[in-house]
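# Chains, contacts and geometry: an overview
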Amino acid sequence: MSGSSVLFDAQGPKGRRLSLILSIVGLLVLAAGAAWVYSVLATPRVATSGVELPSMLDPSRWDIFLDPRVWNQIVFVGVVGTLKAAAVAAVGAVLLGIIFSLLRSAETAWIRIPTTIVLEFLRGMPVLLMMLFILLAGSTGAYWAVVIALILYNGALIGEALRAGLTSLPRGQREAGLSLGMRPLQSRLLVEFPQAFRQMLPIIVAQLVVLLKDTSLGYIVGYLELIRVTMNQIASAVGNRYLFSLFFVTLVLYLIMNLSLSWFARWLSRRTASGGGKVAKGTKLPKVDPNSEVMSLQGSVEAHMDDSGPAR
């Protein structure tokens, strides 16, 4: 079982050869695409006035990044602004999602039905429109307009994910909590909810990655996040000559942040799946012989029957 896949049969010689050929063809196509993109970027361009412009990879388009003031603006204003809004919104969205999941799965109809209406409204409203409404109606300022809108929208989605996790649990979990004398809310919070949260953790973290990217919508409401700092403020100060280089640096920074969060999600998922335990490297676990365990159990049962006498 360990040497074969449970999803499909092991490939034969022809299948392995076909997979190798397709892999090579795919790599060649990717290499050709990368070479084409490089040739387009490295080719000088001619403006409408007939003046030849340097290529996108020309050093004259990248010398701006030798200035420490540019990096101070990008990192300490753009990146920090993005992470500050994302961090506060992520904590608020998870807390709001927990509340929504508990209210949405309540047994009382006058709690469950209004919560369902609010959730559907928040899920159906665009995030940008929510930011504009909060900014104009509440006069909260750009930062809180971005944060509150992200909390409401992502909290609704996380709440639905947690509710689905609660629904997917076996009924025996709830019955076990009630049999111990817990109230229904205690059983939901102490027995069911921790299991549902761990089960839905990959979906929750994936939604938090989307939340981090949605902070870029703050560009529209005037919040100083990464894209507004690089593609608006810095680009306006240095000119259109550096638009591509600023775009590329912005893309790389977003990839670093999103991939770091995804890596943390995978690490956290492995830790929670293993119960947080860690086996030291080189430690040999004791081997258990199933036959000896069965024989020992059988012997203990026979001894108990001899002591207690025949069943009546």
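Whatever comes next refers back to the structure up there.
Here the structure is a predicted model, which means the values were calculated and not measured.

### With respect to the packing of helix 2 (residues 68–104) against helix 7 (residues 184–199)
Direction vectors running N to C along helix 2 and helix 7 enclose 120 degrees, while the axes themselves pass 12 Å from each other. For the element pair helix 2 / helix 7, the angle class is oblique. Classified by chirality, the crossing of helix 7 by helix 2 is right-handed. Where helix 2 abuts helix 7, its residues Val-94, Ile-98, Ser-101 and Leu-102 lie against Arg-188, Leu-189, Phe-193 and Phe-197. Here the contact of helix 2 with helix 7 is built from residues that sort into 6 nonpolar, 1 polar and 1 charged.

### What about the environment of Ala-149?
Along the chain, Ala-149 falls in helix 5 (residues 142–168). With 16 residues separating them in the primary sequence, Ala-149 and Phe-133 have C-alpha atoms 9.1 Å apart. Residue contacts for Ala-149: discarding those within four places in its chain leaves Val-127, Met-130, Met-131 and Ile-134.

### Things to note about unusual backbone geometry
Positive phi values are uncommon outside glycine, yet Ser-139 reaches one of about 50 degrees. With respect to the helices and strands, Ser-139 occurs in the loop between helix 4 (127–138) and helix 5.

### Considerations on the pattern of salt bridges
For the coordinates displayed, the defined rule picks out 5 salt bridges. One salt bridge connects Arg-123 with Glu-120, and the closest N-O pair in it is separated by 3.3 Å. With a gap of 3 residues between them, Arg-123 and Glu-120 both fall in helix 3 (residues 109–124), about one helical turn apart. Given a relative accessible area of 44%, Glu-120 falls into the partly exposed group. With a closest N to O distance of 3.6 Å, Glu-160 and Arg-123 form a salt bridge. Taken together, the residues span a long stretch of sequence, with Glu-160 in helix 5 and Arg-123 in helix 3 at a distance of 37 residues.

### Focus: the packing of aromatic side chains
The tally for this structure, following the rule as stated, stands at 8 aromatic pairs. Between Trp-62 and Phe-244 the ring centres are 6.3 Å apart and the planes differ by 90 degrees, which places this aromatic pair in the edge-to-face class. Here the residue Trp-62 occupies a position in the loop between strand 2 (52–53) and helix 2, and Phe-244 occupies one in helix 11 (residues 243–273), the gap between them amounting to 182 residues. Under the relative-accessibility criterion, Phe-244 is labelled partly exposed at 22%. Between Phe-244 and Phe-247, the aromatic rings sit 6.4 Å apart at their centres with planes inclined by 40 degrees, giving tilted as the arrangement. One end of the pair, Phe-244, and the other, Phe-247, are both in helix 11, 3 residues apart, so they sit about a helical turn from each other. An aromatic cluster is defined as three or more aromatic residues linked by ring pairs; in this entry it consists of Trp-62, Phe-65, Trp-71, Phe-244, Phe-247 and Phe-248. The ring of Tyr-219 has Arg-228 lying over it, and the distance from NZ or CZ to the ring centre is 5.4 Å.

### Concerning a nonpolar patch on the surface
Taken together, Phe-247, Phe-248, Leu-251, Val-252, Leu-255, Ile-256 and Leu-259 make up a surface patch of nonpolar side chains, about 630 Å² in accessible area. With respect to the element layout, Leu-251 can be found in helix 11. With relative accessibility at 39%, the residue Leu-251 sits in the partly exposed group.

### With respect to the packing of helix 2 against helix 8 (residues 201–214)
Close contact between helix 2 and helix 8 brings their axes to 9 Å; oriented N to C, the two are set at 145 degrees. In this structure, helix 2 crosses over helix 8, and the sense of that crossing is right-handed. Contacts between helix 2 and helix 8 involve Thr-82, Leu-83, Ala-86, Ala-89, Ala-90, Ala-93 and Val-94 from the former and Ile-204, Leu-208, Leu-211 and Leu-212 from the latter. Of the residues belonging to the contact of helix 2 with helix 8, the class tally is 10 nonpolar, 1 polar and no charged.

### Side note on helix 2
Helix length check: helix 2, at 37 residues, gives a terminal C-alpha distance of 51 Å against a target of 54 Å (1.5 Å per residue), a fit within 8%. Val-80 marks where helix 2 bends most, by close to 30 degrees.

### A word on helix 10 (residues 226–238)
Every α-helical turn comprises 3.6 residues, leaving residues that sit three or four positions apart pointing alike. Regarding helix 10, the residues found buried are Leu-226, Val-229, Thr-230, Ile-234 and Ala-235. An end-on view of helix 10 places all buried positions within 150 degrees of arc, on one side of the element. The N-cap residue of helix 10 is Glu-225: its side-chain oxygen and the backbone nitrogen of Ile-227 are 2.9 Å apart. In the stretch just after helix 10, Gly-239 is the one whose phi turns positive, near 100 degrees.

Calculation criteria
- Residues numbered from 1 in each chain as written.
- Predicted model: local features only at pLDDT ≥ 70, side-chain atom pairs only at ≥ 80, totals over all residues.
- Heavy atoms only, no water.
- Axes fitted to C-alpha atoms, helices over the stretch in contact; angles between N-to-C directions.
- Helix = DSSP H or I, 4+ residues; strand = E, 2+ residues; numbered from the N terminus.
- Parallel < 35°, antiparallel > 145°, perpendicular 65-115°, else oblique.
- Left-handed = near helix turned anticlockwise from the far one by under 90°.
- Contact = heavy atoms within 4.5 Å.
- Nonpolar A, V, L, I, M, F, W, Y, C, P; charged D, E, K, R; others polar.
- Salt bridge = Lys/Arg side-chain N within 4 Å of Asp/Glu carboxyl O.
- Buried < 20%, exposed > 50% of the residue type's maximum accessible area, 1.4 Å probe, protein only.
- Phe/Tyr/Trp six-rings, centres within 6.5 Å; stacked < 30°, edge-to-face > 60°.
- Lys NZ or Arg CZ within 6 Å of the ring centre and 35° of its normal.
- Patch = residues over 30% accessible without salt bridge, like charges linked within 9 Å, V, L, I, M, F, W, Y side chains within 5 Å.
- Areas by Shrake-Rupley, 256 points an atom, 1.4 Å probe, with all protein chains shown as cover.
- Expected span 1.5 Å × (residues − 1).
- Bend = angle between axes of the 7 residues up to and from the residue.
- Arc of directions from axis to C-beta.
- Polar contact = N/O pair within 3.5 Å; in protein donor to acceptor, adjacent residues only side chain to side chain.

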